[in-house]
Amino acid sequence: MLWFWLLAGWTGFLILPWYQQEYGFWTLEWLTDGYPFYADYAPAILQATLYDRGWLLPLAIFLILPLALLRVARQDRNYARILILSGMGGLVYLLVQGFAIGISGWGFGFLESLFGPLDVRQYGLGYGALFCAASFLVLLCTGLAAAGAMRGDVFVTSAIGVVVALVAVFVFFPVSRILVGGFVDYDGALSGAAFARNFFNNGVWGVGCLSGGYCGVAWNTAILAILTATSTTLLGLTFALVVTRTAFRWKKSLRVLTVLPIITPPFVIGLALILLFGRSGAATQFFSDLLGVEAGRWLYGLPGIWLAQTLSFTPISFLVLIGVVEGVSPSMEEASQTLRANRWQTFTQVSLPLMRPGLANAFLLSFIESMADFGNPMVLGGNYDVLSTEIFFAIVGAQNDQGRAAVLAVVLLFFTLSAFAAQRFWLGRKSYATVSGKADNGAHVGLNRGLKIVCYATVIPWAIFTVVIYAMIFYGGFVRRFGFDNSLTLANYRDAFGVAIGDHGIVWSGAAWDSLWTTISISAIAAPLTAIVGLTTAYLLVRQNFRGKNAFEFGTMLSFAIPGTVIGVSYILAFNVPPLELTGTGVILVICFIFRNMPVGVRGGIAAMSQLDRSLDEASLTLGANSFTTFRRVILPLLRPAIVAALVYSFVRAITSVSAVIFLVSADHNMATSYIIGLVENGRYGVAIAYCSVLIVVMLAAIVSVQLAVGKRRLRREDRINDTDTDTGANGGETSPILREKRS
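Residues numbered from 1 in each chain as written. Predicted model: local features only at pLDDT ≥ 70, side-chain atom pairs only at ≥ 80, totals over all residues. Heavy atoms only, no water.

Colleague: What is the right way to look at a nonpolar patch on the surface in this model?
Modeller: Nonpolar side chains collect at one region of the surface, where Phe 286, Phe 287, Leu 290, Leu 291 and Val 293 lie side by side and expose about 530 Å² of accessible area between them. Mapped onto the secondary structure, Phe 286 falls in helix H13 (residues 282–291). (Patch = residues over 30% accessible without salt bridge, like charges linked within 9 Å, V, L, I, M, F, W, Y side chains within 5 Å. Areas by Shrake-Rupley, 256 points an atom, 1.4 Å probe, with all protein chains shown as cover. Salt bridge = Lys/Arg side-chain N within 4 Å of Asp/Glu carboxyl O. Helix = DSSP H or I, 4+ residues; strand = E, 2+ residues; numbered from the N terminus.)

Colleague: Hey, could you run me through empty space enclosed by the protein in this one?
Modeller: Picture a little ball the size of a water molecule; that probe, rolled over the atoms, points out where space is still empty. Following the criterion strictly, the structure yields three cavities of 30 Å³ or more and no others. The space that makes up the largest cavity amounts to roughly 90 Å³. Around the largest cavity, the lining residues are Phe 239, Leu 257, Thr 258, Leu 311, Thr 314, Pro 315, Phe 318, Trp 462 and Thr 466. Broken down by secondary-structure element, the contributors of at least two residues to the lining of the largest cavity are helix H11 (251–259), helix H14 (302–327) and helix H21 (449–476). With four residues, the single largest contributor to the lining of the largest cavity is H14. Class assignment for the residues of the lining of the largest cavity results in six nonpolar, three polar and no charged. (1 Å grid on protein atoms, 1.4 Å probe; cavity = no way out; pocket = protein on both sides within 12 Å on 5 of 7 lines; lining within 4 Å. Points joined across faces, edges and corners; volume = space filled by probe spheres on them. Nonpolar A, V, L, I, M, F, W, Y, C, P; charged D, E, K, R; others polar.)

Colleague: It is not clear to me how helix H28 (residues 627–635) should be interpreted in this structure. Could you clarify?
Modeller: One full turn of an α-helix is made of 3.6 residues, so residues set three or four places apart face in the same direction. Those residues of H28 lying buried are Ser 627, Thr 630, Phe 631 and Ile 635. The arc enclosing the buried residues of H28, seen along the axis, measures out at 100°, which places them on a common side. The opening residue of H28, the one whose side-chain oxygen lies 3.3 Å from the backbone nitrogen of Phe 628, is Asn 626. (Buried < 20%, exposed > 50% of the residue type's maximum accessible area, 1.4 Å probe, protein only. Arc of directions from axis to C-beta. Polar contact = N/O pair within 3.5 Å; in protein donor to acceptor, adjacent residues only side chain to side chain.)

Colleague: How do you make sense of the packing of aromatic side chains when you look at a structure like this?
Modeller: Each aromatic ring pair is characterised by the separation of its centres together with the angle its planes make. On inspection of all chains with the given rule, the structure shows 42 aromatic pairs. Aromatic pair Phe 183 and Phe 195: ring centres 4.6 Å apart, planes at 10°, arrangement stacked. Note that Phe 183 is positioned in the loop between helix H7 (154–181) and helix H8 (192–199) and Phe 195 in helix H8, a separation of twelve residues in sequence. Pairwise contacts between aromatic rings join Phe 183, Phe 195, Phe 199, Phe 200, Trp 205, Trp 219, Phe 414 and Phe 415 into one cluster. (Phe/Tyr/Trp six-rings, centres within 6.5 Å; stacked < 30°, edge-to-face > 60°.)

Colleague: I would appreciate a short explanation of the nonpolar core in the present structure.
Modeller: Taken as a class, soluble globular proteins show a tendency for nonpolar side chains to be buried jointly. Judged by nonpolar contacts, the single largest core of 166 residues is most densely connected at Leu 273 and Tyr 571. Counting residues per element, this core draws most heavily on helix H26 (residues 586–609), which supplies 14 residues. When near neighbours in sequence (up to four residues on either side) are disregarded, Leu 273 contacts Gly 278, Leu 299, Gly 304, Leu 307, Ala 308, Leu 311, Leu 380, Phe 465 and Ile 469. (Core = buried A, V, L, I, M, F, W, Y, C linked by side-chain atoms within 4.5 Å. Contact = heavy atoms within 4.5 Å.)

Colleague: Where do I start with the pattern of salt bridges in this structure?
Modeller: Oppositely charged side chains can form a pair if their charged atoms are brought close together. As enumerated under the stated definition, the model contains four salt bridges in all. The salt bridge involving Glu 390 is made with Arg 404; its shortest N-O contact spans 3.1 Å. Of this pair, Glu 390 sits in helix H19 (residues 387–396) while Arg 404 is found in helix H20 (residues 402–427), placing the two residues 14 residues apart along the sequence. Ionic pairing is found between Asp 495 and Arg 684, a salt bridge with its closest N-O pair at 3.9 Å. Here Asp 495 is found in helix H22 (residues 491–497), whereas its partner Arg 684 is found in the loop between helix H31 (672–681) and helix H32 (685–710), with 189 residues between them in sequence.

Colleague: Looking at this structure, how should I read the confidence of the model for the chain?
Modeller: The predicted coordinates ought not to be read in detail in places where the model reports low pLDDT. With 89% of its residues at a pLDDT of at least 70, the chain reaches an overall mean of 82. Taken as a whole, residues 431–439 scores under 50 in pLDDT and shows eleven contacts with residues more than four places along the chain or in a different chain. Counting interchain partners and residues more than four positions distant, the pLDDT-below-50 stretch residues 728–744 has 38 contacts. (pLDDT = per-residue confidence, 0-100.)

Colleague: Whenever I open this one, unusual backbone geometry confuses me. Can you help?
Modeller: Glycine aside, the phi torsion of most residues is negative, and most peptide linkages are trans. Residues Tyr 35 and Pro 36 are joined by a peptide bond in cis, for which omega reads 5°. Checked against the element boundaries, Pro 36 lands in the loop between helix H1 (2–14) and helix H2 (44–50). The step from Pro 578 to Pro 579 runs through a cis peptide bond, and the omega angle for that step is 10°. When you line up the elements, Pro 579 lands in the loop between helix H25 (564–575) and H26. Phi is positive for Asp 52, close to 60°, though the residue is something other than glycine. Along the chain, Asp 52 falls in the loop between H2 and helix H3 (58–64). Note on Asp 52: relative accessible area 58%, which makes it exposed. With phi around 50°, Met 150 is a residue other than glycine that occupies positive phi space. Within the secondary structure layout, Met 150 lies in the loop between helix H6 (127–146) and H7.

Colleague: Is there a simple way to explain the packing of H1 against H6 in this structure?
Modeller: A pair of packed helices is characterised by two quantities: the angle between their axes and the separation of those axes. Contact geometry for H1 and H6: axes closest at 7 Å, N-to-C directions at 150°. Taken together, H1 and H6 sit at an angle that is classed as roughly antiparallel. Every pair of crossing elements has a handedness; the one defined by H1 and H6 is left-handed. Along its contact with H1, which presents Leu 2, Trp 5, Leu 6, Ala 8, Gly 9, Gly 12 and Phe 13, the element H6 presents Gly 128, Phe 131, Cys 132, Ala 134, Ser 135, Val 138, Leu 139 and Thr 142. Class assignment for the residues of the contact of H1 with H6 results in ten nonpolar, five polar and no charged. (Axes fitted to C-alpha atoms, helices over the stretch in contact; angles between N-to-C directions. Parallel < 35°, antiparallel > 145°, perpendicular 65-115°, else oblique. Left-handed = near helix turned anticlockwise from the far one by under 90°.)

Colleague: I would appreciate a short explanation of the packing of helix H23 (residues 513–543) against H28 in the present structure.
Modeller: One way to put it is that H23 packs onto H28 with a least axis distance of 13 Å and a crossing angle of 110°. In terms of their interaxial angle, H23 and H28 are classed as roughly perpendicular. Contacts from Leu 535, Thr 536, Tyr 539 and Arg 543 of H23 reach H28 at Ser 627, Phe 631 and Ile 635.

Colleague: Is there a simple way to explain the environment of Val 180 in this structure?
Modeller: As for its placement among the helices and strands, Val 180 is situated in helix H7. Spatially, the C-alpha atom of Val 180 lies 9.8 Å from that of Ser 191, the residues being eleven residues apart in sequence.

Colleague: Help me out: how do you make sense of the side chain of Thr 310 in this one?
Modeller: Looking at the element boundaries, Thr 310 is found in helix H14. For Thr 310, the residues in contact, after removing those within four places along its chain, are Thr 228, Ser 231, Thr 232, Leu 235 and Trp 462.

Colleague: I tried to follow the environment of Tyr 456 on my own but got confused; where do I start?
Modeller: By secondary structure assignment, the location of Tyr 456 is in helix H21. Residue class for Tyr 456 comes out partly exposed when judged on its relative accessible area of 24%. Note: C-alpha distance between Tyr 456 and Thr 246 (210 residues apart in sequence) is 9.7 Å. Apart from the residues lying within four places of it in its own chain, the contact partners of Tyr 456 are Val 242, Thr 246, Ala 247, Phe 248 and Pro 461.

Here's what the structure looks like:
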């Protein structure tokens, strides 16, 4: 395997094009366009000898060095030293020369003053550089294993090295560029005054916000996020209590409602609210005619965005909380009732405190989702500006102020990391575990009468409202012009997905086909890569112990803490210039999806792998299998539900993502959500909703199929709920069935 990777390095240096191809990463058209002697497609050896890029020649030294291993035994100390020197030296030199020389010559002014101006330039790295970098990385990891790292296991050291390298390049590097980009002045020079000018701008923080003055975009975003997180957490908890602690007849229907917003593009809810409550909306016109008042514009601003985000993110809070509510051990609640506590006291003093981790996570998740949400503020914002839209307009607007966008992204990142810190402080170091290895087949205590009435009074109207919203979504796609001409038509679907028969066969005449195929293809490429990286990382975290493990886990989860808007801006700043010139390509979209969705695969893999006894690994190793074979043939087959979950989630999120994608799309790679945003901006609501309806149906069918194939895991033999209206308590009243059973 060592020689295979060394051969890959030589292939990259001698054969493959060293720089990025104008045709795109996936095509091979360069083979018929002057390769290998055309300067744009020449390999490194020809770039160095024929085209005056002599700085590439030293890379050959680090590829020649491992050949000395032919005369060195593996047990020799020099074996590890040569590999480490070759791998580390090659990687460092590759990065240094890549950043030192760019598209306009020297990348740093002091280098030009030291060596003089360059006559040639250097473009973004391509196939050849990628193969060489992979070769050097594997050589380094193999050398570390030969030196005794991870008990000499090459697979483990290589897996750690690859994940660390990927996270460093595609998470830490872009984030660092945002931090630096905030200090770049108009002339490109670093300046603290540039950061201060944008950071302390009145438009960011406002003037006298707390005393009734103008609240800047930062406080607008924070207020909206707190309101959304609070409302979604409370509604999510209410839904979870109804599903788990009552005998509500329509539980399955409630669960179906939790799936819809996950597969719905974020701004679609906003469109549906416009159809319902906009000035020409159905409900607005009905009440305007009924009461004889003029239709208002209350929907456009904080109330409308808050309502749209609450509808969008409540099901996510429900999915977080339902597992926590179910996870409270019935024996703890039975013990409370045995001590003569009534149901209200049991809920508030036993059950609810044990739900704190779920409440904190639901609040945090909704807070971050609200911060990163771009679609709903774009559609319903009106004069209420938030950070995500301000960052977008700073990049694509007439001002084209990347420094301002970077500073706003830093503010957004500060809010999200502060929320993480507040969550950890609130939870503290207390233990919330209630489930042990012993069987627990008790019955959950039902809700007391008053709380049950409150839950029903909240859940039923909200569920009906959600159904109405989605009915408006599907209905809006069949209306010619909602509010003006409500006649039914298929014109919207024909405009988007029309198909005709031409002289040469089927013609995809609809305007949306191109973006749909692009979206599906990029999502299909990103999904398996996301699952591979996520599950490999989970294997390392669960099955291996190594120095810096906590920092390694933090790095892999950092992309979850960073809002998509910040990721989009950071990728523009980091990958718009050499050596990693990726903007405008499909590769940057794939990479963005991988590292935005990877944490879900990591957490799902950790949860599933923690249930697999380590004796399985030990038995495989005892029978002579190495770590890679054990991982491939023993661990992975037992992780099929986690693999499917990672694939489905990453595929769906790639299709519905908008906050990061809106910055990274191009004319050649236009994603569905970006295309729909364009339709909304042009007032073509019918076509936009028709497109969204197609996406919802496609993804819903895919999710239902996967869930039917995987099935449901039952953790208890019985799922009983004590939902009788009798109560126990120190205040008197009829004794609970649980207490009567224990007394008898």
